[in-house]
Each structure stands twice: as structure tokens, then as C-alpha cells.
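Structural overview for review
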Amino acid sequence: LAVTNGANLYLDQVNANGGINGKMIESITMDEQGDATQAVQCFTKMVDEGIVGLIGDVTTTPTLAVAAESQDYNMPMVTASATAEAVTYDAETDTVNENVFRACFTDPFQGVKMADYAYEKLGYTKAAVIFLKGKDYNEGLAENFAKEFEAKGGTIVDQESYSEGDVDFKTQLTSILGKNPEVVFCPNYYQEVGQILAQAESIGLTVPFLGGDGWDGLEGYASNDQLTDTYFCANYAKGSNTDFEDAYKAEYGEEYPNGFSPLGYDAAKTVVYGLQAAEDAGLEAGTDDYKQAVIDAIASGTIDGITGTFTFDEHHDPVKQTAILTYVDGKPVLKEMF
């Protein structure tokens, strides 16, 4: 819903300003219920309805399924938030998914960035990692953090994992405590991070924790003491674009919920950037030439987004800085762009 609202906010703004060369954008939204099979069914229904571009999917597993299906149609596709590397690029075959782009960072990118920040900026040389096993997001960040941190010259003193549904992390945290790390990398989602921080405090593990964009929304799930000296990376820092935030509140009656909304906005902006190029070329909407023109424009373009101004690399991933956030009085604040 956060992605959908962010995307539709931008599309509505485009239409309010005259559309694309006078043509209005009609958006079709379908709920795939987080399921890969449903996602493909939704996508093929959308194709039957005549879409010329796709904003989505949202999470990694259904997005991978839609990305594979979309290649048969060469459908321009921009996901706001699916972070697994394979969404845009198959490393095993060294193949780029030519029609697929993303507005967010990849899992490897976030892991590398936080390792660099921990070692270069914060000066830590001994780190531990705790992560949810069996999920591309968590494992991707954990693996790449550990690899990069050691490549920089640091030492990973312990790596601990847990299973989906676990609520007791004390065994893993006690093991970490015994290895005396200076910092713990915890690339998990905010609900579990709150539990982990509370249990860490209860056993006397009081070193700082670091995280990825899954921490967005952690406030309220952890105390001020538990959040002291913690840092996480994010695609967007609250307060960095008041025009977007004010427009979101005016449209939906509430503040934007998390970083998915600005990413949805930028994913929509990316699709429209490509559509504008195809329309300017006078091509017929939906034809093979039209779709290819959209893809080519995005691949070579510069998007002036609210999560940053970005281009796309050879794997169709965005090239932009990371927002590093810390907590002040229990609330996330931008520390710096890194």
C-alpha cells in the first residue's frame, strides 16, 4: 500500500499538470497477496488490459516471478523496493534483465555500504552479525557485510542466524556477547530488530547495532537506550523532501508510513520518464518500438527523484548516495549521505 500510494501520488501530479503531452495516465492496481503465482496472474491480466509499463512488483519473491514473465513481452518494469540482485541481473549467467529496473538499493549494495561505514567512518574493527536465515534480503545483506568488512581489514568474530517465527534470540546473542565484538550488524526488519535489541540489553550486550533499510519504522519498537549509537542505511530520510511529505499527507490524510512510499514515487517517476521519451518520439503506445523506447530512455536517463538524483548502472540498478540515519530521542534523523 505504501508503494501504491507513493506511485499514484506522482501519477496524479503528472495528470494534474496536463499528463504526458496532453495524454492522461490511467493506473491499474492489483493485489498479488505477496504470492509469486498470483503476481504473474495479475501481470498477465494487466497486459491484457493494455498496460504500457509496470510499477512493481514490491517484494523480492513475486517480483522475480514477474520479471521472468515480463521478458516475453519486453514490458518496461520498475520495482520500487525488490532488493535481491537477481531481479535485474543473473550473476550466474552474467545476464541483465533488459526490461527491468529498480529505484531501491540492492541487498549486496546495502551490505557493502554498511560495512564501509562501520569500518571507515565509525572505526570498528571487530563485528558480529545476526540475521534471519532462508530469506534473500537478510542473507544478502549479512553475506555482503561480512565479506566487505573483512576485505577492508576488519574481523567478523561471530555470525549467528535464526529461523522465521523465532522470538527468542538469547542463545545467539549470548554467543555474540562471548566473542566481544565492537558492533553487531543486524540486517532484519524492524519488528524483529526491536525484540533483538531488547534481549541484547537484557543479557548485557550493549555494543551498538547497525542495520539496513529494513530498520525503517523501528521507532516505537525499541527504547531510547537501545537505540543509542545505532545506525542504519535507507533510501530516504524523513524531512528531506517536505513537498512530497506534505503532498502525501494532503492526499491520504496521514503522514507517509515508511520509505516504501518515496520509492514508489520515484519508481513511478522513472516509468513516466521513459513514457515521455516514447511519446516525444511519436510512437504508438504499446507497440514493440514504443516499449523499447521506454526501456532505452530509462537505461540512459537521469532521474531527479526524491530519494536522490540517480542514473542506472550496467545492471539497471540506481547509482545514488545512501542516507545514513541514527536515532536522537528515539527518532531517526539523517546523519549524513554516504
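Structure first, text after, so check above.
As the structure is a computational prediction, the values presented were derived from the model and not from experiment. (Residues numbered from 1 in each chain as written. Predicted model: local features only at pLDDT ≥ 70, side-chain atom pairs only at ≥ 80, totals over all residues. Heavy atoms only, no water.)

1. Notes on the sheet that holds strand E2 (residues 77–79)
Overall, parallel pairing links the 3 strands, which are arranged E1-E2-E5 in an open sheet. Strand pairing shows two members of the sheet lacking a second neighbour, strand E1 (54–55) and strand E5 (100–102), which therefore form its edges. Here E2 pairs with E5 via 3 bridges, running parallel. The residue bridging Met-77 from the neighbouring strand is Val-100, located in E5. (Pairing = 2+ DSSP bridges. Helix = DSSP H or I, 4+ residues; strand = E, 2+ residues; numbered from the N terminus.)

2. A short note on unusual backbone geometry
A cis amide bond links Gly-56 to the next residue, Asp-57, at an omega of -5 degrees. The topology assignment puts Asp-57 in the loop between E1 and helix H3 (60–70). The backbone of Asn-21 shows a phi angle near 55 degrees, a positive value even though the residue is not glycine. Along the chain, Asn-21 turns up in the loop between helix H1 (2–16) and helix H2 (36–48). The phi dihedral of Asn-74 falls on the positive side, at around 50 degrees, and the residue is not glycine. Mapping Asn-74 onto the fold places it in the loop between H3 and E2. Given the relative accessible area of 24%, Asn-74 is considered partly exposed. (Buried < 20%, exposed > 50% of the residue type's maximum accessible area, 1.4 Å probe, protein only.)

3. Quick look at the packing of aromatic side chains
Scanning the entire structure with this criterion turns up 21 aromatic pairs. Where Tyr-117 meets Phe-338, the ring centres are 5.2 Å apart and the plane angle is 75 degrees; that geometry is what we call edge-to-face. In this pair, Tyr-117 is assigned in helix H4 (residues 107–121) and Phe-338 in the segment after strand E15 (331–337), connecting sequence segments 221 residues apart. Taking the relative accessible area as the measure of exposure, Tyr-117 reaches 1% and is therefore buried. In this structure Phe-338 comes out as buried when scored by relative accessible area, which is 17%. Following the ring pairs from residue to residue traces out a cluster consisting of Tyr-10, Tyr-236, Phe-244, Tyr-248, Tyr-252, Tyr-256 and Tyr-265. Above the ring of Phe-105, the side-chain terminus of Lys-320 is found at 5.5 Å from the ring centroid. Directly above the ring of Phe-310 sits Lys-320, whose terminal nitrogen or CZ lies 4.8 Å from the centroid. (Phe/Tyr/Trp six-rings, centres within 6.5 Å; stacked < 30°, edge-to-face > 60°. Lys NZ or Arg CZ within 6 Å of the ring centre and 35° of its normal.)

4. What about the pattern of salt bridges?
Per the stated rule, a full pass over the model turns up 8 salt bridges. Here Asp-317 ties to Arg-102 by a salt bridge, and the two come within 2.7 Å at their closest N and O atoms. Taken together, the residues Asp-317 in the loop between strand E12 (308–312) and strand E13 (318–319) and Arg-102 in strand E5 connect sequence positions 215 residues apart. Taken as a pair, Asp-317 and Arg-102 share a single burial class, namely buried. For Lys-121, the salt bridge identified is with Glu-336, shortest N-O distance 3.3 Å. Here the residue Lys-121 occupies a position in helix H4, and Glu-336 occupies one in strand E15, the gap between them amounting to 215 residues. (Salt bridge = Lys/Arg side-chain N within 4 Å of Asp/Glu carboxyl O.)

5. Points about helix H5 (residues 136–152)
Taking 1.5 Å of rise per residue, 17 residues should cover 24 Å, and H5 covers 24 Å from first to last C-alpha, within 8% of that figure. Every buried residue of H5 is accounted for by Tyr-137, Asn-138, Gly-140, Leu-141, Ala-142, Asn-144, Phe-145, Ala-146, Glu-148 and Phe-149. Residues of H5 that are buried sit in contact with H4, strand E6 (126–132), strand E7 (155–162) and strand E8 (183–185). The positive-phi residue at the C-terminal boundary of H5 is Gly-153, with phi of around 120 degrees. (Expected span 1.5 Å × (residues − 1). Contact = heavy atoms within 4.5 Å.)

6. So, the pairing of E7
For E6 and E7, the ladder comprises 7 bridges, and the chain directions are parallel. Among the inter-strand pairings, Phe-131 is bridged to a residue of E7, identified as Ser-161. Taken together, E6, H5 and E7 form a β-α-β motif whose crossover is right-handed. (Right-handed = clockwise from strand over helix to strand, strands pointing away.)

7. Points about a negative patch on the surface
Together, Glu-85, Asp-90, Glu-92 and Asp-94 make up a region of like negative charge exposed at the surface. Position of Glu-92 among the secondary structure elements: in the loop between strand E3 (89–90) and strand E4 (95–96). Accessibility expressed as a relative area gives 79% for Glu-92, which makes it exposed. (Patch = residues over 30% accessible without salt bridge, like charges linked within 9 Å, V, L, I, M, F, W, Y side chains within 5 Å. Areas by Shrake-Rupley, 256 points an atom, 1.4 Å probe, with all protein chains shown as cover. Lys, Arg positive; Asp, Glu negative; His and termini not counted. Charge placed at Lys NZ, Arg CZ, Asp CG, Glu CD.)

8. Observations regarding the packing of helix H9 (residues 260–280) against helix H10 (residues 288–300)
Where H9 contacts H10, the axes come no closer than 8 Å and their chain directions differ by 125 degrees. In this view, H9 runs oblique relative to H10, as classed from their interaxial angle. In terms of crossing hand, the pair formed by H9 and H10 is right-handed. In this structure, H9 uses Thr-270, Val-271, Tyr-273, Gly-274, Leu-275, Ala-277, Ala-278 and Glu-279 to contact H10, whose residues at the interface are Tyr-290, Ala-293, Val-294, Ala-297 and Ile-298. In the contact of H9 with H10, the residues fall into 10 nonpolar, 2 polar and 1 charged. (Axes fitted to C-alpha atoms, helices over the stretch in contact; angles between N-to-C directions. Parallel < 35°, antiparallel > 145°, perpendicular 65-115°, else oblique. Left-handed = near helix turned anticlockwise from the far one by under 90°. Nonpolar A, V, L, I, M, F, W, Y, C, P; charged D, E, K, R; others polar.)

9. With respect to the side chain of Thr-322
Topologically, Thr-322 is positioned in the loop between E13 and strand E14 (323–328). Once residues lying within four places of it in the same chain are set aside, the contact partners of Thr-322 are Phe-105, Phe-109, Lys-113, Cys-233, Ala-234, Glu-336, Met-337 and Phe-338.

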